[in-house]
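Inside the fold
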Amino acid sequence: MANGEVDAFANEEKRTLELGGYVGFDSLPDQLVSKSVAQGFSFNILCVGETGIGKSTLMNTLFNTTFENEEASHYEAEVQLRPQTYDLKESNVKLKLTIVHTVGFGDQINKEESYRPILNYIDGQFEKYLEEELKIKRSLCHYHDTRIHICLYFIAPNGHSLKSLDLVTMKKLDSKVNIIPVIAKADTVSRSELDKLKIKIMSELVSNGVQIYQFPTEDEAVAEINSSMNSLLPFAVVGSVDDVKVGNKMVKARLYPWGSVQVENENHCDFVKLREMLLRVNMEDLREQTHARHYELYRRCKLEEMGFKDTGADSQSFSLQETYEAKRREFLVEIQRKEEEMRQMFVNKVKETEAELKEKEKELHERFEQLKRMHQEEKKNLEEKRRELEEDMNAFNRRKVAAETLMGQALQGCSQQPFKKDKDKKNFFSLPSACSLTSGRNLN
């Protein structure tokens, strides 16, 4: 009943009344302006481009100051994002400016995932803001908003069209951030080549479905200038922090042997147009588009992943507690399912390991038996060889003994032979005397 009454009041036409005198709420815009000026503003710029293409120089020229920035090398292993925050003040307006440089972009041999760190950084800033929103005690008015408001994509002037890396990166980023493409170092090509390059770039962006930021034309105060500037995209820019004397005045310019290129001369480059569109005319629209379009898209997708949903005309009323409990039950069921899967996986792994160990044990046992048989065979062969060796040694000893006996006998025989010869010789020499005696006797 109560819901029906609320719907009836909501559908009732609003009545317009006239005031009888001055009340004072017409000063509300002035109050908002005073409050905003007191709080200050934040603006975050993402500079995407190859190393050495002139990102830092353009930022210094854009804000007419010198930002501290470490020079990057061409040998980075991966793309790194380097944010730097500065406090600026112009008149009585304070601006907290954050410039994010993509260090090492386009320097790797494999450029397939070069856009991934940029995408993760943008989503990370959205995530931080969402976490602040969902806190019980929020302080968004004092929160330093680091969400990227504008991406200046620097396109190299050499070549006749966009590189595949440029197309892929801008296609991945167009739903996350406002993109304004700029042709860097535009003083390196002629005017006719620059016009052809602009047409080619826009044609490729349209044919590949890349949505770049379009300056709004709803506000009549800026509709005409924004419409004309949309037709000049991408801006061809030149940056310089050097003061060069041209005529009787000092201007920001790049000095060459043949002359000078003046940064703020609209006949030389589009730097003034970029500065006007980015800072003077459309800065608040860029901030609004970031919050109302890109962040809301991220927030909606993230909350839908968490199980939240809006109530429609035909749907039931939404309860945060019921949604939380339902999501908690789903989470517990998912945890139990994963635990069961891990338990089953562990059991299967244990069974597989046991089977492998049994197989290894069987193989080791077979190997042991094989080695045992080989050992027994070798032992048997060694025993046979030892027996044969012993027999050979015994036979050798017998032959040795026989040989020694024969040698002894031979030596003994040799020792008796000379004695007999001496005896015979003695007998031989005694024979003549005997013969002479005998013959003497006979003579007598």
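Residues numbered from 1 in each chain as written. Predicted model: local features only at pLDDT ≥ 70, side-chain atom pairs only at ≥ 80, totals over all residues. Heavy atoms only, no water.

1. Notes on the environment of leucine 173
Here leucine 173 shows up in helix α5 (residues 164-173). Using a relative accessible area of 0% as the deciding quantity, one classes leucine 173 as buried. Placed 22 residues apart in sequence, leucine 173 and cysteine 151 show a C-alpha to C-alpha distance of 8.9 Å. Residue contacts for leucine 173: discarding those within four places in its chain leaves Ile118, Leu119, Ile122 and Ile179. (Helix = DSSP H or I, 4+ residues; strand = E, 2+ residues; numbered from the N terminus. Buried < 20%, exposed > 50% of the residue type's maximum accessible area, 1.4 Å probe, protein only. Contact = heavy atoms within 4.5 Å.)

2. Description of the sheet that holds strand β1 (residues 41-48)
An order of β2-β3-β1-β4-β5-β6 is seen for the six strands of this open sheet, with the pairing classed as mixed. Edge positions in the open sheet fall to β2 (80-90) and β6 (235-236), since each of these has one partner strand only. Sheet topology note: the β1/strand β3 (residues 93-103) ladder contains seven bridges and is parallel. When the bridges of β3 are listed, isoleucine 45 appears paired with isoleucine 99. The sheet strands contacting α5 are β4 (150-155) and β5 (179-183), and the helix crosses β4 at an angle near 170 degrees. This element, helix α6 (residues 191-207), spans β4, β5 and β6 of the sheet and lies at about 150 degrees to β5. (Pairing = 2+ DSSP bridges. Axes fitted to C-alpha atoms, helices over the stretch in contact; angles between N-to-C directions.)

3. As for the packing of aromatic side chains
Evaluation of the coordinates by the stated rule reveals ten aromatic pairs. Taken together, Phe126, Tyr129, Tyr143, Tyr295 and Tyr298 form an aromatic cluster joined through their ring pairs. Between arginine 147 and the ring centre of tyrosine 129, over which it is positioned, the NZ or CZ distance is 3.7 Å. Over the ring of tyrosine 295 we find arginine 147, and its NZ or CZ is 4.8 Å from the ring centre. (Phe/Tyr/Trp six-rings, centres within 6.5 Å; stacked < 30°, edge-to-face > 60°. Lys NZ or Arg CZ within 6 Å of the ring centre and 35° of its normal.)

4. Comments concerning the pairing of β1
Of all the eight residues making up β1, seven are buried; the element is thus mostly covered by neighbouring parts of the structure. Two elements, β1 and β4, share four bridges in a ladder whose sense is parallel. Its bridge partner lying in β4, leucine 46 is registered against cysteine 151.

5. Digging into the nonpolar core
With 74 residues, the main nonpolar core has Ile180 and Phe235 as its most contacted residues. A per-element tally of this core places helix α4 (residues 116-133) first, with seven residues. Non-local contacts of isoleucine 180, meaning those with residues more than four positions away in its chain, are made with Ile150, Cys151, Leu152, Tyr153, Tyr213, Phe215, Leu233, Phe235, Leu274 and Leu278. (Core = buried A, V, L, I, M, F, W, Y, C linked by side-chain atoms within 4.5 Å.)

6. Here we look at the side chain of glutamine 262
When you line up the elements, glutamine 262 lands in strand β9 (residues 259-262). Judged by relative accessible area, glutamine 262 falls into the buried class, the value being 16%.

7. As for the confidence of the model for the protein
Taken over all residues, the pLDDT of the protein has a mean of 84, while the share at 70 or more is 88%. Residue range residues 433-444 is modelled with pLDDT below 50. Its contacts to residues more than four positions away, or to other chains, number zero contacts. (pLDDT = per-residue confidence, 0-100.)

8. With respect to α5
Taken together, the buried positions of α5 are Leu165, Asp166, Leu167, Thr169, Met170 and Leu173. Where α5 is buried, its residues meet α4, β4, β5 and α6.

9. Regarding the sheet that holds strand β7 (residues 243-246)
Within the open sheet, the three strands sit side by side as β7-β8-β9. Their pairing is antiparallel. Each having just a single partner strand, β7 and β9 make up the two edges of the open sheet. Taken pair by pair, the neighbouring strands of this sheet meet at an average axis angle of 70 degrees, ignoring direction. For strand β8 (residues 249-256) and β9, the ladder comprises four bridges, and the chain directions are antiparallel.

10. Concerning a nonpolar patch on the surface
A grouping of Leu19, Val23 and Phe25 is seen on the molecular surface, where their side chains present a nonpolar patch of about 350 Å² in accessible area. Here valine 23 lies in the loop between α1 (2-11) and α2 (28-39). (Patch = residues over 30% accessible without salt bridge, like charges linked within 9 Å, V, L, I, M, F, W, Y side chains within 5 Å. Areas by Shrake-Rupley, 256 points an atom, 1.4 Å probe, with all protein chains shown as cover. Salt bridge = Lys/Arg side-chain N within 4 Å of Asp/Glu carboxyl O.)

11. Overview of the pattern of salt bridges
Per the stated rule, a full pass over the model turns up 22 salt bridges. The residue lysine 273 makes a salt bridge to glutamate 266 at a minimum N-O spacing of 3.2 Å. One salt bridge connects glutamate 296 with arginine 299, and the closest N-O pair in it is separated by 3.9 Å. Of this pair, glutamate 296 and arginine 299 both sit in helix α9 (residues 283-305), three residues apart, which is roughly one turn of the helix. Accessibility expressed as a relative area gives 29% for glutamate 296, which makes it partly exposed.

12. Description of the pairing of β4
Burial analysis of β4 places six of its six residues in the buried class, the great majority of the element. Residues of β4 alternate between two faces, with Ile150, Leu152 and Phe154 on one and Cys151, Tyr153 and Ile155 on the opposite face, all of them buried. Note: β4 against β5, five bridges, orientation parallel. When the bridges of β5 are listed, isoleucine 155 appears paired with isoleucine 183. With respect to chirality, the unit in which β4 leads through α5 into the neighbouring parallel β5 is right-handed. (Right-handed = clockwise from strand over helix to strand, strands pointing away.)

13. Section: unusual backbone geometry
With an omega of -5 degrees, the peptide bond running from leucine 233 to proline 234 counts as cis. The phi torsion at asparagine 64 lies on the positive side, around 55 degrees, for a residue other than glycine. Within the secondary structure layout, asparagine 64 lies in the loop between α3 (55-62) and β2. The phi angle at lysine 185 is positive, at roughly 50 degrees, despite the residue not being glycine. Among the structural elements, lysine 185 can be located in the loop between β5 and α6.

14. Some remarks on the packing of helix α7 (residues 220-230) against helix α8 (residues 271-281)
Contact geometry for α7 and α8: axes closest at 11 Å, N-to-C directions at 140 degrees. Between α7 and α8, the crossing angle belongs to the class labelled oblique. With respect to the hand of their crossing, α7 and α8 are arranged in left-handed fashion. Residues Val222, Ile225, Asn226 and Met229 of α7 form the contact with α8, whose participating residues are Lys273, Met277, Arg280 and Val281. A class-by-class count of the residues in the contact of α7 with α8 yields five nonpolar, one polar and two charged. (Parallel < 35°, antiparallel > 145°, perpendicular 65-115°, else oblique. Left-handed = near helix turned anticlockwise from the far one by under 90°. Nonpolar A, V, L, I, M, F, W, Y, C, P; charged D, E, K, R; others polar.)

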